[in-house]
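Structural features, examined
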Amino acid sequence: MKKITSVLLSMICIFACHTAYSQCDVDTTNTTTGFSPNTPAVIQQGVPYSQTVQVYVPSTYSPYTVDSLHIDSLIGVPTGINVTFNPPSGTVFGGSNGAICFTGTTNDTVGPYPLTFYGNIYTDAGPVPFSFLVQFDPTFGYKFRVEAPPTAIFRADSPICASADTVKFVDLTTGYPIHLAWTFTGGSPSGSGLEFPKVVYDSAGTYPVTLIVRNGISSDTITRNITVNPSVTGMV
């Protein structure tokens, strides 16, 4: 039974629609296997959201005949996002298509929201219960990420330190950024994409530090100066 479950789940296609499909319409031409796209579905915090996910169930996978897939529940959806099925019963028969619809507004905390599907796959070998976790991971399929417009914020770990010592910078950006780009003029390294980069300034002077942050909604930039003295460094 475990083999049947893994095989059949691999044949279920769930993918995010775009503007070509209206709310909860079923794409009867879809026969693609696997999961796509391999990126999270971004929900902007406090903004109305609408998305349709297509489901395709094959009629056979040798030597098995697939009668239907029935989704009993879907756990992990952010608060305020409603879930409906097409067909409304949540049952998609072998060789046919269905859809799962997500609508609403959430103010849940920004971050990833893994989804778990619960249900049964009915085959000529009998019903196969499944609990299928859709991870927040680029190699898996459909999942949510709640975001808000990012506000770039950072600080230096050591406000006063000797020149030529290592200065650790700390990203404090709000809004769940997924991309960071630092520029350290006069420092080594001169740039970084890390959350907590470490930089060395060998020469005295005042140098700009720039942080650009981005997520699926927007981007933001902040620049502050760091003053490097022969004996100390400090944020100004």
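Every chain begins its residue count from 1, and numbering advances along the sequence as written. The predicted origin of the model limits local features to residues at a pLDDT of at least 70 and limits the giving and counting of side-chain atom pairs to 80 or more, whereas totals for whole chains, interfaces and linings rest on all residues. Values reported for side chains reflect all heavy atoms of the structure, with hydrogen atoms and water molecules removed beforehand.

Here the focus is the overall build of the protein chain. Regarding its fold elements, the protein chain presents one helix and 20 strands. Here the protein chain holds 236 residues, and the buried ones make up 43% of them. Here a residue-residue contact requires only that any non-hydrogen atoms of the pair lie within 4.5 Å. Relative to all contacts within the protein chain whose residues are 6 or more apart in sequence, the contacts with residues 24 or more apart total 66%. The Shrake-Rupley method, run with a 1.4 Å probe, gives the accessible areas here. Residue values count only the displayed protein chains as cover. When the accessible surface of the protein chain is split by element, carbon and sulfur atoms take 55% of a total near 11,300 Å². Strands are runs of DSSP state E lasting at least 2 residues, helices are runs of H or I lasting at least 4, and numbering of each runs from the N terminus. Think of it in three bands: with a 1.4 Å probe and only protein chains considered, a residue is buried below 20% of the maximum accessible area for its type, exposed above 50%, and partly exposed in between.

Further remarks concern unusual backbone geometry. With omega at 5°, the peptide bond leading from Asn86 into Pro87 counts as cis. Along the chain, the position of Pro87 falls in the loop between strand 6 (81-86) and strand 7 (91-93). The peptide bond linking Ser188 to Pro189 adopts the cis configuration, its omega dihedral lying at 5°.

Quick look at the packing of aromatic side chains now. Pairing of aromatic side chains requires ring centres within 6.5 Å, counting the rings of Phe and Tyr and the six-membered ring of Trp. Pairs whose planes differ by under 30 degrees are stacked, by over 60 edge-to-face, and all others tilted. Taken as a whole and judged by the stated rule, the model has eight aromatic pairs. With a centroid separation of 5.0 Å and 35° between ring planes, the pair formed by Phe169 and Phe184 is classed as tilted. Taken together, the positions of Phe169 in strand 14 (residues 166-171) and Phe184 in strand 15 (residues 179-184) put the pair 15 residues apart, joining distant regions of the chain. On the basis of relative accessibility, which here comes to 1%, the residue Phe184 falls in the buried class. Each ring, one from Trp182 and one from Phe184, has its centre 5.5 Å from the other, and the planes form 15°; the classification is stacked. According to the relative accessible area criterion, Trp182 is buried, its value standing at 3%. In this structure an aromatic cluster arises from ring pairing among Phe154, Phe169, Trp182 and Phe184. For a Lys NZ or an Arg CZ to count as sitting over a ring, it must be within 6 Å of the ring centre and within 35 degrees of the ring normal. The ring of Phe154 carries Arg224 above its face, with NZ or CZ at 5.8 Å from the centroid.

Think of it this way: DSSP has to see at least two bridges between two strands before they count as a pair. Sheet architecture is open: three strands sit in the order 2-12-9, paired in mixed fashion. Strands with a single pairing partner mark the edges of an open sheet, and in this sheet they are strand 2 (41-44) and strand 9 (111-113). Averaged over all pairs of adjacent strands, the angle between their axes in this sheet comes to 30°, without regard to strand direction. All axes here are fitted lines through C-alpha atoms, helices being fitted over the stretch that makes contact, and every angle between N-to-C directions spans 0 to 180 degrees.

Moving on, we get to the nonpolar core. Here, nonpolar core refers to any group of buried Ala, Val, Leu, Ile, Met, Phe, Trp, Tyr and Cys residues whose side-chain atoms link them within 4.5 Å. Counting 23 residues, the largest nonpolar core has Tyr49, Leu69, Leu74, Val77, Ile100, Phe102 and Phe144 as the members making the most contacts within it. Those elements that place two or more of their residues in this core are strand 2, strand 3 (49-57), strand 5 (64-75), strand 8 (96-104), strand 10 (115-123), strand 11 (126-134) and strand 12 (144-147). For Val77, the residues in contact, after removing those within four places along its chain, are Val83, Phe102, Leu115 and Phe144. With 16 residues, the next largest nonpolar core counts Phe184, Tyr201, Tyr207 and Val209 among its residues.

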